[in-house]
Amino acid sequence: QVQLVVPVAVVFSPGSVPGDLPRSLPFRDVQEMEISMNLRTSVTSRYDMVFRGTTAQEEAALAAATAREADAALHPLQDISMGSLTMYVVPETSPLLPQGISVYVGKHRSALVRAGGSLAALHARLRQVTQLMSFTTTSITAALSDRVPNGQLSPDARRYLKSSLGYEITFSLLNPDPKSHAVDWDIEGAVNRYVKPVVDKLSLVANFSVDSQILYYAILGVTPRYDKESSSFLLSAHSLPHVINPVEARLGSSAASLYPVLNFLLYVPERSHSPLYIQDKDGAPVRTNAFHSPRWGGIMVYNVEAPASPQASLPLHVDVDMARVMEVFLAQLRLLFGLSREELPPEFLLESPGNEGLADWELDHLLWAHTVENIATVSTTLTSLAQLLDKIGNIVIKDDVASEVYRAVASVQSAVAKLAMGHLHSAFQASKEAVTSSERAFFDPSLLHLLYFPDDQKFAIYIPLFLPMAVPILLSLAKIVRETRQRKKEPTKMD
């Protein structure tokens, strides 16, 4: 039973306080909601709200010309601890929010909310924003997908990557026709410019390593269909799953990796199959000319313009537009981590995270989900270990294995306690330590069940070995016993 506590500060600017506010500012309010997974697992979300008025510095920041400027000015004045949120309620007539926009979500841990007249309307709006910026029922259900009946899972729940202590990102350039195309891509510069800021921000979640490779004569394994109308080749949606297996055999990165590998492939079609376009399920061309595979990665088809004259010398020199490619790959990376922007009401405006690739509250969103998933993983691992030890009575538990189990239990209890206190960062760190300790204990070589045999197996193994030797020994013993008895019965000769 896990309780997720989100500290929320609701700050009223002058002229935004609802008339039906039950108490004078400041005051505290708590809202709870239960997310039920199955009969044994439920997660309680608790929003610990503090309602107060603005300080003089916050009022000055809210006097900025635009919402973006106000968000930047308010950032140093907020509680910046992970998992905490600050909602600034502005009057309905405030020029900060554009016409028709009632909520502006910044790229840190705050939002501007237009006062909704009544307290009930404001509460409903605040609930929407706090769930968006912390965790939703969907994200927690996806984190606990192993414990949720399939019928209750959303289609996207199994798309997200499982929580891990590390990930390996591999960028691969596939050139199946090097005789026709000499492809040049500045992958090192692109990684430093586009990928590194995102990975640096995600380094709190896990360790990341990034590498790249170029594969020649690597084909997709699916023959595209030629379309006369557009004079191009088409890959339909139902043939895309068959593209990955032949390519994956050539990648070779996952074989030597301890961590999940995210593969991002840039495919330059051979000259005989150019241009090549991907179609969606409705037969319409995909705008990005790319597709992604859940928990695996993504593939983008990069078409090369045909030479102006047929007599052009081969191979053609191709310079890849890395900005266009990285835009697609980073969008796919966000999808794999469950950071895709969900369908939002039209009155919500979300600030672009910029070069960092994800906002501070999106990082928190990831930490909430991974912390809950880590706690569930440790629980399952330790339960499996206990069942193994119960089944094998003569198993030997070394002191270091026992200490890892104790450490895992203590860390997971600490993570649950920290979550209940609203300390997200320390809860996540404790859950990572718990996962590490439980995995070390579970996979310790001394606990390999093949080292220990039940008694009936021992008899089955040793009897065929010792029986042939035992037969002559037993016969000899029987003979000695018989001779001894006969000797006793014979009368002794007396001189």
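Keep in mind that this is a model prediction, so the values were computed, not measured.

What counts as what
Residues numbered from 1 in each chain as written. Predicted model: local features only at pLDDT ≥ 70, side-chain atom pairs only at ≥ 80, totals over all residues. Heavy atoms only, no water. Pairing = 2+ DSSP bridges. Helix = DSSP H or I, 4+ residues; strand = E, 2+ residues; numbered from the N terminus. Axes fitted to C-alpha atoms, helices over the stretch in contact; angles between N-to-C directions. Buried < 20%, exposed > 50% of the residue type's maximum accessible area, 1.4 Å probe, protein only. Arc of directions from axis to C-beta. Left-handed = near helix turned anticlockwise from the far one by under 90°. Contact = heavy atoms within 4.5 Å. Nonpolar A, V, L, I, M, F, W, Y, C, P; charged D, E, K, R; others polar.

Colleague: What is the right way to read the sheet that holds strand β10 (residues 225-227) from this model?
Modeller: Strand order in the open sheet made by the three strands is β10-β11-β13, with mixed pairing throughout. Two strands lie at the open edges of the sheet, namely β10 and β13 (276-278), each paired on one side alone. With strand direction ignored, the average angle separating the axes of adjacent strands in the sheet is 40°.

Colleague: Help me understand helix α6 (residues 241-251) in this model?
Modeller: Along an α-helix, residues three or four positions apart point the same way, because every turn accommodates 3.6 residues. Those residues of α6 lying buried are V243, I244, V247 and L251. Buried residues of α6 fall within an arc of 90° about the axis and therefore sit on the same side. Looking at α6, the residues exposed on the side facing more than 90 degrees away from the buried face are H242, N245 and A249. Count one or two residues on from α6 and you reach G252, which has phi positive near 70°.

Colleague: Mind showing me how you'd approach the packing of helix α5 (residues 187-202) against helix α7 (residues 322-336) here?
Modeller: The relative placement of two packed helices is expressed as an angle between their axes plus a distance between the axes. Packing of α5 against α7 leaves a shortest axis separation of 11 Å and a crossing angle of 35°. Here α5 and α7 pass one another in a crossing that is right-handed. Seen from α5, the contacting residues are I187, A190, Y194, V195 and V198; seen from α7, they are M322, A323, M326, L330 and L333. Here the residues of the contact of α5 with α7 sort into ten nonpolar, no polar and no charged.

Colleague: Please explain unusual backbone geometry as it appears in this structure.
Modeller: Note: most peptide bonds trans; most residues except glycine with negative phi. For the bond from S274 to P275, the omega torsion is -10°, close enough to zero to count as cis. In this fold, P275 is placed in the loop between β12 (261-267) and β13. Even without a glycine there, the phi angle at Y217 is positive, about 60°. The topology assignment puts Y217 in the loop between β9 (207-216) and β10. The phi torsion at R295 lies on the positive side, around 60°, for a residue other than glycine. Note on placement: R295 falls in the loop between β14 (290-293) and β15 (297-301).

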